[in-house]
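# Coordinates in review
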Amino acid sequence: MQITVYPNPTTGIVQFQGLDEDVHSVALYDMAGHLVATFCNTSTLNIASFSPAPYIVKIHLPNGTTHHLKLIKR
């Protein structure tokens, strides 16, 4: 399964493309590995209030798999 986040880079709202099932949770980390935010049961994130920077997105699916994506906030 190929999951992408778009638009990337973004200034606010992003969505995940390529999901075959619902999202259990999403964790957003800065590049130092610090947890910035968590979101539950959503495939759309609003990061408009976050600082411009690159982030790592960890998508946790109900079947136990985790996907890692890079997201750039402008």
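Everything that follows concerns the structure shown earlier in this document.
Quantities reported herein were computed from a predicted structural model and do not represent experimental measurements. (Residues numbered from 1 in each chain as written. Predicted model: local features only at pLDDT ≥ 70, side-chain atom pairs only at ≥ 80, totals over all residues. Heavy atoms only, no water.)

## Considerations on the nonpolar core
Formed by 18 residues in total, the largest nonpolar core has its most connected members in Phe 16, Val 57 and Ile 59. Among the elements of the structure, β2 (13–17), β3 (25–30), β4 (35–40), β6 (53–60) and β7 (66–73) are those that each provide at least two residues to this core. Among the elements that take part in this core, β6 stands out by supplying 3 residues, more than any other. Not counting residues within four places of it along the chain, the set of residues in contact with Val 57 comprises Phe 16, Val 26, Ala 27, Leu 28, His 67, His 68, Leu 69 and Leu 71. (Core = buried A, V, L, I, M, F, W, Y, C linked by side-chain atoms within 4.5 Å. Buried < 20%, exposed > 50% of the residue type's maximum accessible area, 1.4 Å probe, protein only. Helix = DSSP H or I, 4+ residues; strand = E, 2+ residues; numbered from the N terminus. Contact = heavy atoms within 4.5 Å.)

## Some points on the sheet that holds strand β1 (residues 4–6)
Taken in spatial order, the 3 strands line up as β1-β2-β5 in an open sheet, and their pairing is antiparallel. Of all the strands in the sheet, the pair left with one neighbour each is β1 and β5 (44–46). When the angles between neighbouring strand axes are averaged without regard to direction, this sheet yields 25°. Sheet topology note: the β2/β5 ladder contains 3 bridges and is antiparallel. Bridge pairing in β5 links Ile 13 to Asn 46. (Pairing = 2+ DSSP bridges. Axes fitted to C-alpha atoms, helices over the stretch in contact; angles between N-to-C directions.)

## Focus: unusual backbone geometry
A cis amide bond links Tyr 6 to the next residue, Pro 7, at an omega of -10°. Between Asn 8 and the following residue, Pro 9, the backbone shows a cis peptide bond with an omega angle of 10°. Structurally, the position occupied by Pro 9 is in the loop between β1 and β2. The phi dihedral of Asn 41 is positive, around 50°, even though this residue is not glycine.

## What about the environment of Ala 37?
Here Ala 37 lies in strand β4. Considered as a pair, Ala 37 and Val 26 are 11 residues apart in the sequence and their alpha carbons are 8.3 Å apart. Apart from the residues within four sequence positions on either side, Ala 37 is in contact with Val 26, Ala 27, Leu 28 and Phe 50.

## So, the pairing of β7
Of the two faces of β7, only the one carrying His 67, Leu 69, Leu 71 and Lys 73 is buried; Thr 66, His 68, Lys 70 and Ile 72 on the other face are not. Here β6 runs beside β7; their pairing, made up of 8 bridges, is antiparallel. Paired with His 60 across the bridge in β7 is Thr 66. Hairpin geometry of β6 and β7 is characterised by an intervening segment of 5 residues between the two adjacent antiparallel strands and by a positive phi of about 100° at Gly 64.

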